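Below are the chains, spelled out letter by letter.
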Amino acid sequence: MAEPKVALVLGGGGIKPYSAVPLLKFLESNNIKLNLIAGCSGGSIMTALFASGYSPDDIVRTVVPGLKKDLFKPNLKAFASIARLPYCKMDKESALIKPDALRKKFREYFGNMRIEDLGMKIVLQATDFQTGEGVGIETGDLADGVYASSAIYPMLPAIRIGERWLFDGVFSAPVPVLQAVRHRPDIIIAVDFLEKLSPDPRGYLETSIHTGKIYARTIAAAQTCLTLNLQDGEVIYIKMVFDKYISIWDIDKMPAILKAGEIALEKVKDEILSAYQHHQQINK
C-alpha cells in the first residue's frame, strides 16, 4: 500500500511560524510522513530546521532559547541615509538591520548543509529583488537559502545567490502553496500566520505594517484560490491567528506563539486524519 503524498506549506510571519511546532509533533505522532515542505520567510526557517533533523522538541529546547534581540543590530548608516546624509547608503545590499549576526546563527544551525542533500524535499520561497519574480530555492547552500527567503526588506538586505539578488519570499508568495501544487501531492496542509488588522493604524511604522499585511493577505488569498483550481488532491488550510503584532525580536512572546499553534491544531486535526485515512484507502 502506497502511503499518501503529503505536502506542508508554511507561510511567512517573522517568529510566528514557530507556532507550527504542535502541528509537526501531531504529524509525527500519527506517522504522517511529509514528502515536501515549502516555506516562506519565517516559515522557511521552520522548514529548514525540521528537514535538517531538528525534532519539534529540539526546536523548542535548543533553537528558541538561542533567539536573542542582539541578532538584530541596527545599521546606523542605513538609518542616516533616510535623512540623505553624505556617505550613507541604503540599497539592496544595505538595510536597517545588519545581517551578520542572523546569518551567523543560520550557519550555526545548518553548517554547510546543502538543500538537495536533505532527507526530504523542500522549497524555500524567495523574491528576486530586481525583477519581483518569485523564486523557489530547491538546491544550494541551506543557510544562505534560508536567509534569502527570510530577509524582509527594508529591515534586512538581499543576498546574492548565483546571478540573482534575493530577499523575502513574502513579497511574491506569502503562503507558497503553488510550490506544493507543482509536485502533485495527495494532500496539501497550508498554514497561514495572521495578525488581526488594526482598525485605526497611526504613524509611519504602524501604517506601513498595516498596508503590508493587507498586501500579503490579498496575494495569499489569490494564490490559494488558484491552488484549489489546480490541485487534484485535498487542501487543508490552517489559520493561526494572533491578536497583536509580534515583531521578529519579541522572543518573550514564544509561549503565546506555541499556544496559538495548539489552538489552531485542535480545529483541524480530525480533518487531517480523515484526509490521510481516506487517501490510504484509495491507494490500497
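Residues numbered from 1 in each chain as written. Predicted model: local features only at pLDDT ≥ 70, side-chain atom pairs only at ≥ 80, totals over all residues. Heavy atoms only, no water.

Caption draft 1: Up close: the pattern of salt bridges. Overall, the coordinates contain 15 salt bridges when judged by the stated rule. In this structure, K105 and E108 form a salt bridge, with 3.5 Å as the shortest nitrogen-oxygen distance. Taken together, the residues K105 and E108, both in helix α5 (residues 100-110) and 3 residues apart, mark about one turn of the helix. For R114, the salt bridge is made with E116, and the minimal N-O distance between the two is 2.8 Å. Under the relative-accessibility criterion, R114 is labelled partly exposed at 38%. One continuous salt-bridge network, built from bridges that share partners, spans R103, R107, D141 and D144. (Salt bridge = Lys/Arg side-chain N within 4 Å of Asp/Glu carboxyl O. Helix = DSSP H or I, 4+ residues; strand = E, 2+ residues; numbered from the N terminus. Buried < 20%, exposed > 50% of the residue type's maximum accessible area, 1.4 Å probe, protein only.)

Caption draft 2: Representation of empty space enclosed by the protein in the model. The final tally for this structure, using the stated rule, is 1 cavity of 30 Å³ or more. The computed volume of the largest cavity comes to approximately 30 Å³. What lines the largest cavity is V6, I32, I187, I189, I236, I272 and Y276. Elements supplying a minimum of two residues to the lining of the largest cavity: β7 (187-195) and α9 (254-282). Within the lining of the largest cavity, the residues separate by chemical class into 7 nonpolar, no polar and no charged. (1 Å grid on protein atoms, 1.4 Å probe; cavity = no way out; pocket = protein on both sides within 12 Å on 5 of 7 lines; lining within 4 Å. Points joined across faces, edges and corners; volume = space filled by probe spheres on them. Nonpolar A, V, L, I, M, F, W, Y, C, P; charged D, E, K, R; others polar.)

Caption draft 3: Broad picture of the nonpolar core. Within the largest apolar cluster, 70 residues are counted, with the highest numbers of intra-cluster contacts made by Y18, I189, I238 and I272. The biggest single contributor to this core is α9, with 10 residues. Ignoring anything within four residues of it in the chain, the contact list for Y18 reads I45, M46, L49, I59, V63, V64, L67, M254, I257 and L258. In terms of nonpolar packing, the next biggest core, distinct from the first, is built from 11 residues, V9, V123, V181 and I188 among them. (Core = buried A, V, L, I, M, F, W, Y, C linked by side-chain atoms within 4.5 Å. Contact = heavy atoms within 4.5 Å.)

Caption draft 4: Broad picture of the side chain of S172. With respect to the helices and strands, the residue S172 is situated in the loop between β6 (164-168) and α7 (177-181). With a relative accessible area of 13%, S172 lands in the buried category. Looking at S172, its side chain comes within polar contact range of the side chain of Q125, at 3.1 Å. (Polar contact = N/O pair within 3.5 Å; in protein donor to acceptor, adjacent residues only side chain to side chain.)

Caption draft 5: The arrangement of the packing of helix α1 (residues 21-29) against helix α3 (residues 56-63) in detail. At their nearest, the axes of α1 and α3 sit 8 Å apart, and the two run at 145° to each other. Facing V21, L24, K25 and E28 of α1, the residues of α3 in contact are P56, D57, I59 and V60. Grouping the amino acids of the contact of α1 with α3 by side-chain chemistry returns 5 nonpolar, no polar and 3 charged. (Axes fitted to C-alpha atoms, helices over the stretch in contact; angles between N-to-C directions.)

Caption draft 6: Layout of the pairing of strand β1 (residues 6-10). Across the 5 residues that make up β1, a large majority, 5, are buried. Burial of the side chains of β1 extends over both faces: V6, L8 and L10 are buried on one face and A7 and V9 on the other. With 5 bridges joining them, β1 and β7 adopt parallel strand pairing. Residue pairing in the sheet places L8 in a bridge with I189 of β7. Inspection of the sheet shows β1 paired to strand β2 (residues 36-40) by 4 bridges, in the parallel sense. Residue pairing in the sheet places L8 in a bridge with I37 of β2. After leaving β1, the chain enters α1 and then returns to the sheet as β2, a path that is right-handed. (Pairing = 2+ DSSP bridges. Right-handed = clockwise from strand over helix to strand, strands pointing away.)

Caption draft 7: Broad picture of the packing of aromatic side chains. Inspection of every chain in the model, using the stated rule, returns 5 aromatic pairs. Site record: aromatic cluster; members linked through ring pairs are F129, Y153, F167 and F171. Over the ring of W165 we find K92; its NZ or CZ atom is 5.3 Å from the centre of that ring. (Phe/Tyr/Trp six-rings, centres within 6.5 Å; stacked < 30°, edge-to-face > 60°. Lys NZ or Arg CZ within 6 Å of the ring centre and 35° of its normal.)

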